[in-house]
Amino acid sequence: SESRVYQLVGNVYGIAYAPWNITKHVIDVLLGLGFVQCLLDCMLFMHYDSQSLLDCVIGFHDDDSIMTSSPPFDIEMLRSAFTWGSWKVLGQSDC
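Keep in mind that what you see is a predicted model, and the values were worked out from it rather than measured.

Visitor: Now, about the environment of S65: what can you tell me, with residues and values included?
Guide: Summarising the element assignment, S65 is placed in strand β4 (residues 64–69). C-alpha separation for the pair S65 and L44, spaced 21 residues apart in sequence, amounts to 9.6 Å. Aside from chain neighbours lying at most four places away, what touches S65 is G59 and F60.

Here it is, written out as structure tokens:
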């Protein structure tokens, strides 16, 4: 069996600047909703309530995201801001 190395010529998304456009959109939307961007990871965002308590953390990698929040964080504000994709809510039994 012969081993081969392949070079990807072009880009996966079809448009060279598409990943940056998605990233920029996510950043702009979350900052507009009052999230704070992490200094160590530009795709990790924290949201604080009116008493400066952390009530939501959301992270993005490529086209995936993961989020955790505590009441009374308004998750509907995120659902309405990001209309693409689907939402799956996990419970303790899923972890």
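Moving on, there is more to tell.
Visitor: Go over the pattern of salt bridges, please, and point to the residues and values.
Guide: Applying the stated criterion to the full structure yields two salt bridges. With its nearest N and O atoms 2.9 Å apart, the salt bridge here joins K24 to D28. Here the residue K24 and the residue D28 both occupy positions in helix α1 (residues 18–32), the gap between them amounting to four residues, near one helical turn. D28 sits in the partly exposed class, given a relative accessible area of 42%. We note a salt bridge from E76 to R79, for which the minimum N-O separation is 3.7 Å. You can see E76 and its partner R79 sitting in helix α2 (residues 75–81), three residues apart, about one turn around the helix. In this structure E76 comes out as partly exposed when scored by relative accessible area, which is 47%.

Cut-offs used in this document
- Residues numbered from 1 in each chain as written.
- Predicted model: local features only at pLDDT ≥ 70, side-chain atom pairs only at ≥ 80, totals over all residues.
- Heavy atoms only, no water.
- Helix = DSSP H or I, 4+ residues; strand = E, 2+ residues; numbered from the N terminus.
- Contact = heavy atoms within 4.5 Å.
- Salt bridge = Lys/Arg side-chain N within 4 Å of Asp/Glu carboxyl O.
- Buried < 20%, exposed > 50% of the residue type's maximum accessible area, 1.4 Å probe, protein only.

Just geometry here; none of it tells us what the structure is for.
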